[in-house]
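# Tertiary structure, described
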Amino acid sequence: MLKQISDIVLEAGEIVKTGFNSNKNIKYKGEVDLVTEYDVKTEEFLKEKLQKLFPDFKIIGEESNNDTNEYPNENVIFIDPIDGTTNFVHGVPFVAVSVGVITEKEGKYGVVYNPILDELYSAETGMGAYCNGTQIKVSSTPSLINSLIATGFPYKKDNLPYLMKVLEQVLLHSRGIRRAGAASLDLCYTARGIYDLYYETRLKPWDMAGGLIIVREAGGIVTKLDGRYHEMDSDSLIASNGLLHVEFLNLLNEI
Ligand code: IPD
Ligand code: CA
Ligand code: CA
């Protein structure tokens with residue numbers, strides 16, 4: 001099954017790659033929240049193919065279901081056709097197609113593909129995580145001051161004062177911070193041990209569903225910002241190599 005999902009995601013990646021190298025028709029979902037015809041086209045392609053593979057699953061995609069805040073208990077597939085749309089529009093090669101297959105509220109399969117860098121990340125529960133066929137593991141960095149931390153910022157800026165305080169503390173207590181602009185890839189880079197820890201608020205299930213399984217299968221830990229277990233409808237997350245988690249939570253508690 002993972003191979004079949006990966007093949008569909010690879011094909012979807014070709015649509016994204018074509019769009020990356022073409023002129024794009026851009027629309028605004030919000031003041032800075034963009035969407036292009038390639039987001040829509042890729043999502044339609046994925047929905048059709050995945051529904052055939054998983055006829056009993058509900059499929060939720062960012063571009064066709066983004067007004068829903070209710071996430072079903074049933075078997076569900078979350079699709080982000082282009083994670084990193086701002087990067088896509090500006091030509092930054094950090095974009096991905098992300099698919100997460102969830103059964104009984106837990107991740108079963110996760111596939112994230114960056115078609116520009118040709119990196120395919122995939123995981124199945126209990127079977128480990130892979131990048132282009134090679135098994136990946138989280139880092140073994142034991143302390144924040146030696147770690148590279150990733151984050152992202154929401155389109156909606158209502159919790160900006162808090163996020164700025166967190167940013168200041170992270171800058172003071174780590175080796176550095178990156179904001180690359182695609183949540184699914186931030187998760188995969190954490191799974192791969194490139195980033196030691198990634199945190200973000202106000203995420204949607206389609207941003208996280210694919211990458212979450214990949215981080216956990218690479219030996220990482222994912223919780224909400226308050227340290228509790230991360231579920232698919234949680235909107236904040238900390239994904240880490242496990243070793244840094246308590247130190248990071250303590251840092252947040254001091255703010
Ligand atoms: C966004 C990206 C970004 C994150 C935003 C997401 P989109 O997704 O993952 O890194 O900071 O919160 O909404 O809009 O490019 O699919
Ligand atoms: Ca996204
Ligand atoms: Ca998107």
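Residues numbered from 1 in each chain as written. Chains lettered and ligands numbered in written order. Predicted model: local features only at pLDDT ≥ 70, side-chain atom pairs only at ≥ 80, totals over all residues. Heavy atoms only, no water.

## Some points on the coordination of the calcium ion (ligand 2)
- Surrounding the calcium ion (ligand 2) are the protein donor atoms D80 (OD), D83 (OD) and D207 (OD), which sit 2.1 to 2.3 Å from the metal.
- Mapped onto the sequence, the donors of the calcium ion (ligand 2) take the spacing D-x2-D-x123-D.
- The metal-metal distance between the calcium ion (ligand 2) and the calcium ion (ligand 3) is 3.8 Å, with D80 serving as a donor to both. Pair noted here: D80 is in strand β4 (residues 76-83) and D207 is in helix α7 (residues 205-217), with a separation of 127 residues, a long-range link.
- Classification of D207 by relative accessible area gives buried; the value is 12%. (Donors = N, O, S within 2.8 Å, 3.2 Å for Na, K, Ca; no water. Helix = DSSP H or I, 4+ residues; strand = E, 2+ residues; numbered from the N terminus. Buried < 20%, exposed > 50% of the residue type's maximum accessible area, 1.4 Å probe, protein only.)

## Details of the coordination of the calcium ion (ligand 3)
- Surrounding the calcium ion (ligand 3) are the protein donor atoms E62 (OE), D80 (OD) and I82 (O), which sit 2.2 to 2.3 Å from the metal.
- Look at where the donors of the calcium ion (ligand 3) fall in the sequence and you get E-x17-D-x1-I.

## Description of helix α5 (residues 160-173)
- Compared with the 20 Å implied by 1.5 Å per residue over 14 residues, the 20 Å span of α5 between its first and last C-alpha is a close match.
- For α5, the set of buried residues is L163, V166, L167 and V170. Viewed end-on, α5 has its buried residues packed into an arc of 105°, placing them on one side of the element. Seen from the buried face of α5, the exposed residues on the opposite side, beyond 90 degrees, are P161 and L172.
- Those residues of α5 hidden inside the fold are in contact with β10 (148-151), β11 (176-178), β12 (197-200) and α8 (245-253). (Expected span 1.5 Å × (residues − 1). Arc of directions from axis to C-beta. Contact = heavy atoms within 4.5 Å.)

## Observations concerning the pattern of salt bridges
- The tally for this structure, following the rule as stated, stands at seven salt bridges.
- Close ionic contact of R228 with D226 constitutes a salt bridge, the shortest N to O distance being 3.0 Å.
- Each of the salt bridges in this network shares a partner with another, and the network as a whole consists of K29, E62 and E63. (Salt bridge = Lys/Arg side-chain N within 4 Å of Asp/Glu carboxyl O.)

## Quick word on the sheet that holds β4
- With mixed pairing, seven strands are arranged side by side in an open sheet as β3-β4-β5-β6-β7-β8-β9. Each edge of the sheet is formed by a strand with only one pairing partner; in this case those strands are β3 (58-61) and β9 (134-136). Taking the axes of each pair of neighbouring strands and ignoring which way they run, one obtains an average angle of 20° across the sheet.
- Sheet analysis places strand β7 (residues 119-124) next to strand β8 (residues 129-131), joined by three bridges and oriented antiparallel. Bridge pairing links S122 to Y130 in β8.
- On top of the sheet, α7 reaches β3, β4, β5 (96-103), β6 (106-114), β7, β8 and β9; it is set at about 100° to β6, its chief contact. (Pairing = 2+ DSSP bridges. Axes fitted to C-alpha atoms, helices over the stretch in contact; angles between N-to-C directions.)

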